[in-house]
Structure formats: C-alpha cells, structure tokens
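The lines below spell out each chain.
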Amino acid sequence: MESLMSVSVGAVFWASLSFLIALFILKKFAWKPILEGLSEREKTINEALESAKEAKEEMARLKASNEDLLQEARLEREALLKEAREMKGNIVSNAEAEAKEKADAIVKKAMADIEQEKKAALSELKTQVAEFSVQIAEKVVKKNLSSNSDHMDLVESLMGDLKLN
Amino acid sequence: MHNFASFFKHTMNFNFPSTRIKAILLLVVFLFVGLSYTNKVVAGEAHGQEHGEIKEDGHAESHTAEKKGFDLSEMIIHHVGDAHAIHIFGDLYLPLPVIVYNKDKGGIDMFSSSNLYEVKHGHQVFKSYTSSAGNTYTLEHGKIVTPGVAHGESNLIDFSITKSIMGMFLALLIVLLVFTAAARGYKKNSGKAPSGIQNVVEPLIMFLRDDLITPAIGEKYAPKYTPFLLTIFFFIWVANLLGLIPFIGGFNVTGTLSITLVLAVIVFIVTTVSGNKHYWKHILLAPGIPLPIKFILVPIEFLSIFIKPFVLMVRLTANITAGHIIILSFVGLILMYGQQSVNTGLGVAIGSVAFMVFMFFIELLVAFIQAYVFTLLTALYFREAKQEPHH
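As for the interface of chain B and chain A
Next up, step 1: Of the residues lining the interface, 46 residues belong to chain B; the matching set on chain A comes to 35 residues.
Next up, step 2: Buried area between chain B and chain A, both sides added, is near 3500 Å², and the carbon and sulfur share of it is 79%.
Next up, step 3: The interface formed by chain B and chain A holds two salt bridges in total.
Next up, step 4: The residue Glu42(A) makes a salt bridge to Arg209(B) at a minimum N-O spacing of 2.7 Å.
Next up, step 5: Scanning the region where chain B abuts chain A turns up seven residue pairs in polar contact (both at pLDDT 80 or more).
Next up, step 6: Ranked by the residues each element gives to the side of chain B that touches chain A, the list is headed by helix H5 (residues 163–188) of chain B, at 12 residues.
Next up, step 7: A class-by-class count of the residues in the side of chain B that touches chain A yields 31 nonpolar, nine polar and six charged.

Written as structure tokens, this is what we have:
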C-alpha cells in the first residue's frame, strides 16, 4: 500500500511541468479559438434569427399593405364599374329619348309636309278645276245649249264632280 | 454460462436491428475485456505450474504459497501502482527512461529501465546496473535505489518517466491533438456549420460551458476560468479512460497520488490567487459571528482552504484506484482458484469475467463522473473566491 500512497518528487515535477505546458498550449491554441468560434457562431445565429424575425415582420407588414391596396383597388373597380353601368344606362336612355325625339320630329315634319303637299295639291286642283270649269264653261257656252235643263244638268254634274274632289 | 447464453439468445431474438447491434457490441466488449486479462491468467497459471504449487490436496494456502505462490494483494498493488516499465502482456515489457539525480555526486544519470530487469516467464527479475558515470542502481519495491543505502536515507531523487507519468503525457497528448484539431475546424469553418471532429467535441464543450462552468461560477467570471476547467475536465476524463483500455499496460494515471496532488495544488493556487477581499474577510474575520465562536470558526474556515483541494485529490485518486482494484480482484479470483485446479479457475473465470464486464461499464461511468465532480467542485471553489459581498 505504501507505493500507492507515496508521492514522488520526480512524478510531481513531471506532472506539474506537463500539465502547465499542456494548459498553456490548450488555452492558446484550442480553447481560445473554440470558445471564440462558438460565441461567434452563437452571435451569427442570433443575428440571423433576429433578421429572419424582422424579415417576417416586414413581410407581414407588406402583406397587410398589399391587402389594403388590393381592397382599395377592388372598391375602386366596383365604383368604376357602377359608374360605367350608370353611364351606359344614361347614354342608352338619352340616345333612346333623342332618337324618339328625332323620329317624332321627322314624323311631324313629314306630316306637315304631307299636309302642305296636300294643301298645295288641293289648291292646284282647285285652280285646275277652275280652269277646267272655265274651259268647260267655254265649251258649254260655245256649244248650243239645246235646252235649259240639259244645261243645268251639265253644270250640276260638273259642280258635283268638283265638290267630290 | 447458461444464463448468459439464454440472455444473449433472448436479446438476439428481438427483431429491432439496434437491439441486435447492442447485443453484438456487448458480446464484443465481453470477449475483449475477458481476453485482455487472459494473458495474466495464463501467465499466472504457467508460473504456478512451474513452481509445482497446484496442490494435490487442494490447499493452496500453505506456507509455501506465501513465498512463491500467487499473492493477490501483491498482484493488485503491482498493477495499480506506478512502475518503471509498461507491461503489455506476457513477456513484453516496454522499458521507460530512468532519470536519477544523484545528490552525493551531483550528477544526473539517464538510462533505459530495461537495464534494471530481466523478463522471465512474464515476470520481472530485478538486477543492478552501473551507469557510465560509475553509479550503481537497482530497483527495490519499485523504487530506484543505490544498493546498500538504507531506505529513507536515499541519496537519489528519481525523475524517471514512470508508467503513470507516461500515461499522463499520453492523456495530455490526446487532449492536445483532439482539441487543437477541433480548433482548426473552428478557424476553417468560421461562420459555417461545424464538421468532423467539431461535432464530437462541441456538445461536450457546450455542456461543460453552459451546464457546469457558467452556472457554477456565474456569468461574470466564468469566461476567465473556462479554459482551465475545460483542461482539468478533459485531462481527467481521458486519463481515466486510458486506465480502462486493455493491452496498453493498465495505466492508473488519475489514481497516482503525485499527479492528483499536482492538480489539487494548482486548484489551490488558482483559488487562493483569485480570492477577493470578501473571500478573505469571510474566512479570517467571520463577520456577524459572536466572538467566542469566532475562535472556533476561523481556524476551521482557514483549514478548509487546504482541506477542499485535499479532498479533491483524495476523492479522485481513491475512486479510480478502487475501480482498478475491483476489476483486478476479479482477475485475482480466477488466479487463486486456478491454483487449486485449472478447471476450477475456468469455472470461476465465467463469473469473474461477467462481473468484470459489469465493473467495466461502471468504471466507464465513474471515469466521466469523477472528471465531472472534480471540475464542478473546482468551479464552485472559484465562485466562492470571487463571491461578491451581497448574498
């Protein structure tokens, strides 16, 4: 048991020396780069997560504003459509009214023309009838009236004709 | 054997591949551990037979057995203790350098330990050696001495690279190689995902940093002590594991008092140097305590600064040595019964090897736990040294 519980100066010397050298080398060439690398990476990851969160929020904001824009556009479109529809209705009814007016005017004018033509024709007819009457009268006068009654018959028939016209 | 056979059969019958792999691994470890001690068994038996100690009447514990037969405690002390050569197996001993400072002559002698022994049937037979400077040395109870000089009046200081020191170098070298390789990875993969050895090392370092060191010391001072504590942890752990690897000579690095003493002294120095005003006031003045009690408390508090690292040292040494002793005891059982008859020895071997495997797993766990406990307590001592007045 003595050999187990004894401390040797040489072993203590070598153990101290080797441990301290190893501690120094490890500290400088292993732990420092490893621990720095770890915290660096943790920082990068945290930053990445942070920026991802920000990007997500930005996206949400953009999406919300897009939604708003879309909603606005939809309303505008509806308003435009409504307006257009109204305008169309107006145009059509206006056109109808105008067309009716024009048609009425044309008909009216045509009627007036007809009336006028009719009047003109009648007056011309009257003139001609008068002429014819004069001619007839001439002829009748020129011809020997065999009888008064005959004469009268003739005049009457002529007059009758005239009135009919 | 029956139990084990049925146990394996039972285990193998599961259809899950992972269970099967586990069973195969267990079997491999079983064989490995068993085999690693077989050479000792064979050597012991050969030795016993040669000296004709297998008694017909079955009484191995006769008076001759004490001289020539198998001595369990001697075998265990031999394997657990430090040595000047590494016994691989059988007749194969790796010699180690012997470095001796001779106080009388004021010179250093350096030579291979193979000059101090001959190997006969797996055992070292020691002889004396005269160096080129004309000094004669020999090995007595594992110590380098000048023949004829009484123990306690030794004129030598032994600076030899012993088995444990070699094991310590090896453990430190492994730690250095692994972690500098990992550190290169951190430089190479800076800003990228870790690769290769980084993935092995990183969870361990993260675990120690985030779950042990930082909670123990506190955010403020943890970064200052992290490199030291990581070194302590990985050195102890690797050294503990080194002692469990068969075929490399059975290192007992962390069971060697000289080495754990160095660790404890370094912890003591760092704690003492780190101690702030509040720490010393707390120990030397014990504020807020009635005067009569101060006379009792202050000496106790003062002693505690030495006791704490001392306890660290004893705990580690005792735990690791005890683990080795238990495993070796099971080997010893085989050898003891092997002296009665080879068949008895083989019969005992079955049970012994089973227990050794069990102990082997326990020791794997202990290797980690002891490194963890040492590091945790050290961290707590540092925290105490850096404690702020409000608490």
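Notes on the sheet that holds strand S8 (residues 136–140) of chain B
Residues and elements named next belong to chain B.
Next up, step 1: Taken together, the three strands give an open sheet; going across it, the order is S7-S8-S9, and neighbouring strands pair in antiparallel fashion. Of all the strands in the sheet, the pair left with one neighbour each is strand S7 (129–130) and strand S9 (143–145).
Next up, step 2: As judged from the three bridges shared by S8 and S9, these two strands associate in the antiparallel manner. Among the inter-strand pairings, Thr 138 is bridged to a residue of S9, identified as Val 145.

Structural notes on empty space enclosed by the protein
All names here are of chain B.
Next up, step 1: Under the defined criterion, the tally for this structure stands at two cavities of 30 Å³ or more.
Next up, step 2: The volume enclosed by the largest cavity comes to roughly 80 Å³.
Next up, step 3: Along its surface, the largest cavity is lined by Val 267, Phe 268, Thr 271, Thr 272, Tyr 279, Ile 305, Lys 308, Pro 309, Tyr 381 and Glu 384.
Next up, step 4: Elements with a minimum of two residues in the lining of the largest cavity: helix H8 (257–274), helix H10 (291–340) and helix H11 (342–385).
Next up, step 5: It is H8 that contributes the most residues to the lining of the largest cavity, four residues altogether.
Next up, step 6: Class assignment of the residues belonging to the lining of the largest cavity gives a composition of six nonpolar, two polar and two charged.

A word on the nonpolar core
Next up, step 1: Ranked by size, the top nonpolar core spans 68 residues in total, and within it Phe19(A), Phe179(B), Ile205(B), Phe228(B), Phe234(B) and Phe235(B) carry the most contacts.
Next up, step 2: Contributing elements (two or more residues each) for this core: helix H2 (9–142) of chain A together with strand S1 (85–89), H5, helix H6 (197–217), helix H7 (222–242), H8, H10 and H11 of chain B.
Next up, step 3: With 14 residues, the top contributor of residues to this core is H7(B).
Next up, step 4: Excluding its chain neighbours within four sequence positions, the residues that come into contact with Phe235(B) are Phe19(A), Met168(B), Ala171(B), Leu172(B), Val175(B), Val253(B), Ile259(B) and Leu263(B).
Next up, step 5: Membership of the second largest hydrophobic core comes to 15 residues, among which are Ile327(B), Phe330(B), Val331(B) and Met356(B).

Quick look at the packing of H7(B) against H8(B)
Residue and element names in this part refer to chain B.
Next up, step 1: The geometry of H7 relative to H8 is characterised by a closest axis approach of 13 Å and an angle of 165° between their N-to-C directions. Taken together, the axes of H7 and H8 lie roughly antiparallel to each other. With respect to the hand of their crossing, H7 and H8 are arranged in left-handed fashion. Contacts from Tyr 225, Phe 228, Ile 232, Phe 235 and Ile 236 of H7 reach H8 at Ile 259, Leu 263, Ile 266, Val 267, Val 270 and Ser 274.
Next up, step 2: The residue inventory of the contact of H7 with H8, partitioned by class, reads 10 nonpolar, one polar and no charged.

Some remarks on the pairing of strand S6 (residues 123–126) of chain B
Residue and element names in this part refer to chain B.
Next up, step 1: Pairing analysis gives four bridges linking strand S5 (residues 117–120) to S6, with the strands arranged antiparallel. Bridge assignment links Val 119 to a residue of S6, and that residue is Gln 124.
Next up, step 2: Connecting the antiparallel pair S5 and S6 is a turn made up of two residues, with His 121 showing a positive phi of about 55°.

Overview of helix H9 (residues 277–284) of chain B
Note that an α-helix has 3.6 residues per turn; residues three or four places apart therefore point the same way.
Residue and element names in this part refer to chain B.
Next up, step 1: Of all the residues in H9, the buried ones are His 278, Tyr 279 and Ile 283. When H9 is viewed along its axis, its buried side chains cluster within an angular range of 130° and face the same direction.
Next up, step 2: Tucked inside the fold, the buried residues of H9 contact H8, H10 and H11.
Next up, step 3: Phi turns positive, to about 45°, at Ala 286, one or two residues after H9.

A look at the pairing of strand S4 (residues 107–112) of chain B
Looking along a regular strand, one sees side chains alternate from face to face of the sheet.
Residue and element names in this part refer to chain B.
Next up, step 1: Examined bridge by bridge, strand S3 (residues 97–102) and S4 share six bridges and lie antiparallel to one another. In the strand pairing of S4, Tyr 101 is matched with Ile 108.
Next up, step 2: Between the antiparallel neighbours S3 and S4 lie four residues, among them Gly 106 with a positive phi of about 70°.

Some details on the pattern of salt bridges
Next up, step 1: Summed over all chains, the structure comprises seven salt bridges over all chains.
Next up, step 2: Residues Arg209(B) and Asp210(B) are paired through a salt bridge, measuring 2.9 Å at the closest nitrogen-oxygen approach.
Next up, step 3: We classify Arg209(B) as buried; its relative accessible area is 13%.
Next up, step 4: The class of Asp210(B) is partly exposed, set by a relative accessible area of 36%.
Next up, step 5: Linked by salt bridges that have partners in common, Glu42(A), Arg209(B) and Asp210(B) make up one network.

Digging into the sheet that holds S3(B)
Residues and elements named next belong to chain B.
Next up, step 1: What the three strands build is an open sheet, ordered S4-S3-S10; its pairing is antiparallel. Bordering the open sheet on either side are S4 and strand S10 (156–158), each of which pairs with just one other strand. With strand direction ignored, the average angle separating the axes of adjacent strands in the sheet is 25°.

Here's the deal with the confidence of the model for chain A
Next up, step 1: Per-chain confidence: chain A averages 86 in pLDDT, with 91% of residues scoring 70 or above.
Next up, step 2: At the low end of the mean pLDDT range in chain A sits helix H1 (residues 2–5) of chain A, at 67; at the high end sits H2(A), at 90.

Here's the deal with unusual backbone geometry
All names here are of chain B.
Next up, step 1: Of note, the phi angle at Phe 247 is positive, near 75°, even though the residue is not glycine.
Next up, step 2: Inspection of the secondary structure assignment puts Phe 247 in the loop between H7 and H8.
Next up, step 3: Even without a glycine there, the phi angle at Ala 286 is positive, about 45°.
Next up, step 4: The residue Ala 286 is located in the loop between H9 and H10 in this model.

Conventions adopted
Each chain carries its own residue numbering, running from 1 in the direction its sequence is written. As they are written, the chains are lettered A onward and the ligands numbered 1 onward, keeping that order. Only residues with pLDDT of at least 70 are given local features in this predicted model, and only at 80 or more are side-chain atom pairs given and counted; all residues enter the totals for whole chains, interfaces and linings. Hydrogen atoms and water are omitted, and side-chain values are computed over all heavy atoms in the structure. For this analysis, residues touch if any pair of their heavy atoms sits within 4.5 Å. Buried area adds together the accessible area that both of two parts lose upon being put together, with accessible area traced by a 1.4 Å probe. Between Lys or Arg on one side and Asp or Glu on the other, a salt bridge is scored when a side-chain nitrogen of the former is within 4 Å of a carboxyl oxygen of the latter. Contacts described as polar in this section are N or O atom pairs within 3.5 Å, which, within protein, must combine one atom able to donate a hydrogen with one able to accept it, while residues neighboring in sequence count only if both atoms come from side chains. Going along the chain from the N terminus, every DSSP run of H or I of four or more residues is numbered as a helix, and every run of E of two or more is numbered as a strand. By the convention adopted, Pro, Cys, Tyr, Trp, Phe, Met, Ile, Leu, Val and Ala count as nonpolar, Lys, Arg, Asp and Glu as charged, and the other residues, Gly among them, as polar. Strand pairing is assigned whenever DSSP detects at least two bridges linking the two strands. Think of a 1 Å grid over the protein atoms and nothing else: a 1.4 Å probe that fits but is trapped marks a cavity, an open set flanked by protein within 12 Å on at least five of seven lines marks a pocket, and residues with an atom within 4 Å of a point count as lining. Grid points are joined across faces, edges and corners, and a volume is the space filled by probe spheres set on the points. Nonpolar cores are built from buried Ala, Val, Leu, Ile, Met, Phe, Trp, Tyr and Cys residues. Side-chain atoms within 4.5 Å join them into one set. Burial classification: accessible surface area is computed with a 1.4 Å probe over protein chains only, and a residue below 20% of its type maximum counts as buried, one above 50% as exposed, and the rest as partly exposed. Each axis is a line fitted through C-alpha atoms, and for a helix only the stretch in contact is used; angles between axes span 0 to 180 degrees, taken between their N-to-C directions. Angles are sorted into four bins: roughly parallel if under 35 degrees, roughly antiparallel if over 145, roughly perpendicular if 65 to 115, and oblique for all others. Crossing handedness is read from the near helix: turned anticlockwise from the far helix by less than a right angle, it gives a left-handed crossing, and turned clockwise, a right-handed one. Throughout, the arc means that of the directions going from the helix axis to the C-beta atoms. Within a predicted model, pLDDT stands for the predictor's per-residue confidence, ranging from 0 to 100.

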